[in-house]
Amino acid sequence: MLRVLILCCALVAMSVAPATAQGTPPVRSPVLTIDSERLYQNSDFGRRVVAELDALGAELSSENRRIEADLEAEELDLTDKRKTMTPEAFRILADAFDEKVRDIRQQQQKKTQSLNARLDDQQRTFLLAAAPILEDLMREAGAAIIIERRDVFLSAGAIDITAAAIARINQTLGAGEAPLPSDD
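Participant: Is there a simple way to think about the overall build of the protein in this case?
Facilitator: When its secondary structure is counted, the protein shows five helices and two strands. Moving toward the C terminus, one meets the helices and strands of the protein in the order α-β-α-α-α-β-α. Within the protein, the proportion of its 184 residues that are buried is 29%. For the protein, the exposed area adds up to about 11800 Å²; of that, 58% sits on carbon and sulfur atoms.

Listed below in structure tokens is the structure:
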């Protein structure tokens, strides 16, 4: 019985594959599913944002490595100076160095948080721009609801509109807004 159900689901999914590739809703159904993560990551908009933020993240990582190397060199220099200094004089320099390291760590953490906030903002922008497109797909399929695919235990693949949504969103939104501005 389970094999028959799986076979039926596979046949239904294969019969609607050409329609979903063209960005049309796959079937008439009151319930549709979507993989929102795949929707974002495979859309031109999401790919643009991820590529831009990856580049900014790589710049930040490079900056962190440079700062780390500079701080290590400064720490070695401080360690060498310790041999020729009084404990009190060394403590003043060591405390200043520790404060400098804490400040740099906070600055770099703020930059990381800023990148994460920008990703969140772009995802919200994408979802707001995609909502009318998803509503159109829902209306065309006669659906009352779109459910996150990960939250569904079992369904016919035919009600998954992810591919159709990606095609429509790419056609309508393209890559979205202009490239992200730098935080400098």
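Participant: How should the environment of Asn 42 be read in this particular structure?
Facilitator: Inspection of the secondary structure assignment puts Asn 42 in helix 2 (residues 36-42). Each C-alpha atom of the pair Asn 42 and Asn 170 lies 9.3 Å from the other, and the pair is 128 residues apart in sequence. Residues within four places of Asn 42 in sequence aside, it is in contact with Arg 47, Ile 166 and Asn 170.

Participant: I'm lost on the packing of helix 3 (residues 44-82) against helix 4 (residues 87-141) in this one. Help?
Facilitator: Two numbers describe a pair of packed helices, the interaxial angle and the distance between the axes. Between helix 3 and helix 4, whose axes approach to 11 Å, the crossing angle comes to 175 degrees. Looking at the two axes, helix 3 sits roughly antiparallel to helix 4.

Participant: How do you make sense of the packing of aromatic side chains when you look at a structure like this?
Facilitator: Here the distance between the centres and the angle between the planes together describe a pair of aromatic rings. Counted according to the given criterion, the structure contains two aromatic pairs. Between the aromatic rings of Tyr 40 and Phe 126, the centroid separation amounts to 5.1 Å while the plane-to-plane angle is 75 degrees, which identifies the pairing as edge-to-face. Of the two residues, Tyr 40 is situated in helix 2 and Phe 126 in helix 4; the sequence distance between them amounts to 86 residues. Accessibility classification places Tyr 40 together with Phe 126 in one group, the buried group. By the ring-pair criterion, three or more aromatic residues cluster together here, those being Tyr 40, Phe 45 and Phe 126. Above the ring of Phe 45, the side-chain terminus of Arg 48 is found at 5.0 Å from the ring centroid.

Participant: Whenever I open this one, the side chain of Asp 35 confuses me. Can you help?
Facilitator: Considering the arrangement of structural elements, one finds Asp 35 in the loop between strand 1 (31-34) and helix 2. Among the polar contacts made by the side chain of Asp 35, one reaches the side chain of Arg 150 at a distance of 3.2 Å.

Participant: Before we go on, may I ask you to explain the confidence of the model for the protein in this structure?
Facilitator: Within the protein, residue pLDDT values average 83, and 82% of them lie at 70 or more. Mean pLDDT in the protein bottoms out at helix 1 (residues 2-21), which sits at 36, and peaks at helix 3, which reaches 95.

Participant: Help me out: how do you make sense of the pattern of salt bridges in this one?
Facilitator: Two side chains of opposite charge can pair, provided their charged atoms sit close to one another. Considering all chains together, one arrives at 14 salt bridges under this definition. Where Glu 63 meets Lys 111, a salt bridge forms, and the shortest distance between an N and an O atom there is 2.7 Å. Of the two residues, Glu 63 is situated in helix 3 and Lys 111 in helix 4; the sequence distance between them amounts to 48 residues. The partner of Arg 91 in a salt bridge is Asp 95, with the nearest N and O atoms 3.0 Å apart. Taken together, the residues span about one helical turn, with Arg 91 and Asp 95 both in helix 4 at a distance of four residues. Overall, Arg 91 belongs to the partly exposed group, its relative accessible area being 41%. For Asp 95, a relative accessible area of 39% corresponds to the partly exposed category. Counted as one network, the salt bridges with shared partners bring together Asp 35, Glu 37, Glu 148 and Arg 150.

Participant: What is the right way to look at a negative patch on the surface in this model?
Facilitator: Together, Glu 68, Glu 72, Glu 75 and Asp 98 make up a region of like negative charge exposed at the surface. Sorting elements by how many residues they give to the negative patch places helix 3 first, with three residues. Topologically, Glu 75 is positioned in helix 3. The partly exposed category is assigned to Glu 75, whose relative accessible area is 43%.

Participant: What should I look at first to understand helix 3 in this one?
Facilitator: Since there are 3.6 residues in each turn of an α-helix, residues three or four apart along the chain are aligned in direction. Taking 1.5 Å per residue as the helical rise, helix 3 with its 39 residues ought to reach 57 Å, and the 56 Å between its terminal C-alpha atoms agrees with that figure. Looking at helix 3, one finds that the buried residues are Phe 45, Gly 46, Arg 48, Val 49, Glu 52, Leu 53, Leu 56, Leu 60, Ile 67, Leu 71 and Leu 78. On its buried face, helix 3 is in contact with helix 2 and helix 4.

Reading the values: rules and limits
Residues numbered from 1 in each chain as written. Predicted model: local features only at pLDDT ≥ 70, side-chain atom pairs only at ≥ 80, totals over all residues. Heavy atoms only, no water. Helix = DSSP H or I, 4+ residues; strand = E, 2+ residues; numbered from the N terminus. Buried < 20%, exposed > 50% of the residue type's maximum accessible area, 1.4 Å probe, protein only. Areas by Shrake-Rupley, 256 points an atom, 1.4 Å probe, with all protein chains shown as cover. Contact = heavy atoms within 4.5 Å. Axes fitted to C-alpha atoms, helices over the stretch in contact; angles between N-to-C directions. Parallel < 35°, antiparallel > 145°, perpendicular 65-115°, else oblique. Phe/Tyr/Trp six-rings, centres within 6.5 Å; stacked < 30°, edge-to-face > 60°. Lys NZ or Arg CZ within 6 Å of the ring centre and 35° of its normal. Polar contact = N/O pair within 3.5 Å; in protein donor to acceptor, adjacent residues only side chain to side chain. pLDDT = per-residue confidence, 0-100. Salt bridge = Lys/Arg side-chain N within 4 Å of Asp/Glu carboxyl O. Patch = residues over 30% accessible without salt bridge, like charges linked within 9 Å, V, L, I, M, F, W, Y side chains within 5 Å. Lys, Arg positive; Asp, Glu negative; His and termini not counted. Charge placed at Lys NZ, Arg CZ, Asp CG, Glu CD. Expected span 1.5 Å × (residues − 1).

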